[in-house]
Amino acid sequence: MSVKSVLAALSAAVQNKTGVAGPLTLAEMTDAVNDLKLGADITVEHGYINTDGMYQAMDLTGSSPVDKGEPEAVDELTIVRSCMIEPEYGALRLYECAAVVPPAAGAALEDHVITLLQMDVADPACCGIYHLADSAAADADKVYQKNDLQHKLRVKVSETDPTKGNIVLCDSGESVLFSTPTMELDNIWTNWFDEFWGVVYGTNPDEDYEYGNMPSFYAYKARYGVRDSYYGVAEIIRLADCGETALNGTYAMCGNTIELVAADCGFAWINEEGNVLVSHSEFAADVDADDDGMAHSIYINKHGSSHTCYFYMQMTKDGVDTPAPFSESDFNSYSWVTGPCGLVPAPVFSAAAAPAGEASAGSWSGRLLIQNKDTSAWETSATLFENMPISGVTPEVGKVYSQDTTLQVTIAGGLE
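A word on the overall build of the chain
Within the chain, the regular secondary structure consists of six helices and 25 strands. Among the 416 residues that make up the chain, the fraction classed as buried is 35%. Residue pairs in contact within the chain that sit at least 24 positions apart in sequence constitute 45% of those at least 6 positions apart.

Here is the structure:
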């Protein structure tokens, strides 16, 4: 093969690889080969999203980054964390806030309880604290029940007159054990306490109420955190550190019933189990040989049994009757002495708060932001997205946030 034919073949090969028109001289072939690039022609461009939500390319060749070219509109933004192998990331979606349900602490489930007391203990299992099952229920549908769910107070509508009814005490099988006299259904619970003194009677409540037949139970509405303006009564308290642990717990006032007055008792509280804590003042010269004044005593007894705890609070008479302490702080400000049946340590009283529901983390609703491809302006969708979580800041209506509220965005020029 001649030298000429070899050079012609080499020129053709270089032309084929480089796309340069020929024929080529040796110098031209050398230049064409030097211009060849290995692999794909890949360009990596760096940039950022500016305050208008546009993509701005950057030039990194100088001593410091500078913007390169004009900003460009983008359909979606994708966040990629470098040096990490992770699943696909969705687009960053922004919403204009339309409404907010702010985070809130658990609201009180009830503002009061009903206590049921019978001192002669015909049926001690009925005694105790009754909680409202549904605070949103209408009067005729309200149910108060004990925590053990064995007994409850509810309304029974009259079969002959639908405007009247009775508040009845039922067992778990809905059998009526005791009942109030017949009352108007309108505002029946309030009328029970205001007009009928919260009394429930046996099998014939209307007759029993009229003639005073027994047995009967006395109900009392004890409120959380309410103090009588004169006595300063703590209506719901907690008892702790009592010598017999079964007597600890929440006690709600059960009123000043006929039996309590007859026993010269000022006030009484009752717990879930029906154990009664009675406030009682008496002349007690034997409490302290050097002091023959008044002693305020607290009895804690179980129904159907003798006193299991018996405490004195030392008080000075000084010729004037000392008022009995009724607030939890007053209870604990006196020196306690255990009585004949007392157990140590002496009880400690504290305030009892109403049970609260679960705290809410809050939520918000908003409309998705969409960038117009033609005008690059940001617009809001017609669809309202609701119940989105609040993980970061609490949103404000009219402002723009990421879906989890961890990012707040300002749109320059506003929204269209």
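A word on the sheet that holds strand 25 (residues 408-409)
If you trace the five strands from one edge of the open sheet to the other, you get 23-22-4-24-25, paired in antiparallel fashion. The outermost strands of the open sheet, each flanked by one partner alone, are strand 23 (378-389) and strand 25.

Things to note about the confidence of the model for the chain
When pLDDT drops low, the exact placement of atoms in the prediction is not to be read closely. Confidence along the chain averages 76 in pLDDT terms, with 69% of residues attaining 70 or more. Note that residues 283-294 has pLDDT below 50 and, in this model, 20 contacts with residues that lie over four places away or in other chains. Per-residue pLDDT stays below 50 along residues 316-321; that stretch engages in five contacts with residues further than four places along the chain or on separate chains.

Some remarks on the sheet that holds strand 3 (residues 66-67)
If you walk across this open sheet you meet the three strands as 1-2-3, and the pairing is antiparallel. The sheet is open, and its two borders are formed by strand 1 (46-49) and strand 3, each paired with just one other strand.

A few points about unusual backbone geometry
Here Leu149, not a glycine, exhibits a phi torsion of approximately 60°, which is positive. Assignment of secondary structure puts Leu149 in the loop between strand 7 (143-145) and strand 8 (151-157). Leu149 gets classed as exposed once you look at its relative accessible area, which sits at 53%.

So, the pattern of salt bridges
The tally for this structure, following the rule as stated, stands at five salt bridges. A salt bridge links Lys142 to Asp139; the shortest N-O distance between them is 3.4 Å. The class of Asp139 is partly exposed, set by a relative accessible area of 21%. Sharing partners across several salt bridges, the network here consists of Lys152, Arg154 and Glu174.

Brief notes about the side chain of Glu110
Residue position: Glu110 is located in the loop between strand 4 (94-101) and strand 5 (112-117). Arg238 provides the closest opposite charge to the buried, salt-bridge-free Glu110, at an N-O distance of 9.4 Å. Only 2.8 Å separates the side chain of Glu110 from the side chain of His131, close enough to count as a polar contact. A distance of 3.2 Å separates the side chain of Glu110 from the backbone nitrogen of Leu132, its partner in a polar contact. Leaving out residues up to four positions away in the same chain, Glu110 has contacts with His131, Leu132, Tyr224, Ala354 and Pro355.

Examining the packing of aromatic side chains
Per the stated rule, a full pass over the model turns up seven aromatic pairs. Aromatic pair Tyr95 and Phe385: ring centres 5.4 Å apart, planes at 70°, arrangement edge-to-face. Remark: Phe385 occurs in strand 23 and Tyr95 occurs in strand 4; sequence separation between them is 290 residues. Residue Tyr95 is classed as buried on the basis of its relative accessible area, which comes to 1%. Judged by its relative accessible area of 27%, Phe385 falls in the partly exposed class. Judged by centre distance (4.7 Å) and plane angle (70°), the ring pair of Phe178 and Phe217 falls under edge-to-face. With a gap of 39 residues between them, Phe178 in strand 10 (residues 176-179) and Phe217 in strand 13 (residues 216-223) connect regions that are remote in the sequence. Across the pair, exposure class does not vary: Phe178 and Phe217 are buried alike. Aromatic ring contacts, followed pair by pair, group Tyr95, Trp364, Phe385 and Tyr401 into a single cluster.

Describing helix 3 (residues 188-195)
Looking only at helix 3, the buried set comprises Ile188, Trp189, Asn191, Trp192 and Phe193. Just downstream of helix 3 lies Trp197, where phi reads positive at about 60°.

Digging into the environment of Glu328
Here Glu328 is to be found in helix 6 (residues 328-332). Spatially, the C-alpha atoms of Glu328 and Ala352 are 9.5 Å apart, while their sequence positions differ by 24 residues.

Thoughts on the environment of Tyr144
With respect to the helices and strands, Tyr144 occurs in strand 7. With 13 residues separating them in the primary sequence, Tyr144 and His131 have C-alpha atoms 5.0 Å apart. Apart from residues lying up to four places away in sequence, Tyr144 is in contact with His112, Ile114, Tyr130, His131, Leu132, Lys152, Leu153 and Trp189.

Notes on the pairing of strand 2 (residues 55-59)
Two strands pair when backbone bridges link them, and strand 1 and strand 2 are joined in this way by four bridges, in the antiparallel orientation. Directly across from His46, in strand 2, lies its bridge partner Met58. Here strand 1 folds back onto strand 2 in antiparallel fashion, the turn holding five residues, of which Gly53 has a positive phi close to 75°. As paired elements, strand 2 and strand 3 share two bridges and run antiparallel to each other. Opposite Asp59, over in strand 3, you have Val66 as the bridge partner. Between the antiparallel neighbours strand 2 and strand 3 lie six residues.

Some remarks on the nonpolar core
Membership of the largest hydrophobic core comes to 28 residues, with the highest contact counts inside it found for Ile114, Tyr130, Leu153, Ile167, Trp189 and Trp192. Contributing elements (two or more residues each) for this core: strand 5, strand 6 (128-132), strand 8, strand 9 (164-171), helix 3, strand 13, strand 16 (265-271) and strand 17 (276-283). Among the elements that make up this core, the one with the highest residue count is helix 3 (four residues). Once you skip the residues sitting within four places of it in the chain, Ile167 turns out to touch Leu153, Arg154, Val155, Phe178, Ser179, Thr180, Met183, Ile188, Trp189, Trp192 and Val200.

Conventions and cut-offs
Residues numbered from 1 in each chain as written. Predicted model: local features only at pLDDT ≥ 70, side-chain atom pairs only at ≥ 80, totals over all residues. Heavy atoms only, no water. Helix = DSSP H or I, 4+ residues; strand = E, 2+ residues; numbered from the N terminus. Buried < 20%, exposed > 50% of the residue type's maximum accessible area, 1.4 Å probe, protein only. Contact = heavy atoms within 4.5 Å. Pairing = 2+ DSSP bridges. pLDDT = per-residue confidence, 0-100. Salt bridge = Lys/Arg side-chain N within 4 Å of Asp/Glu carboxyl O. Lys, Arg positive; Asp, Glu negative; His and termini not counted. Polar contact = N/O pair within 3.5 Å; in protein donor to acceptor, adjacent residues only side chain to side chain. Phe/Tyr/Trp six-rings, centres within 6.5 Å; stacked < 30°, edge-to-face > 60°. Core = buried A, V, L, I, M, F, W, Y, C linked by side-chain atoms within 4.5 Å.

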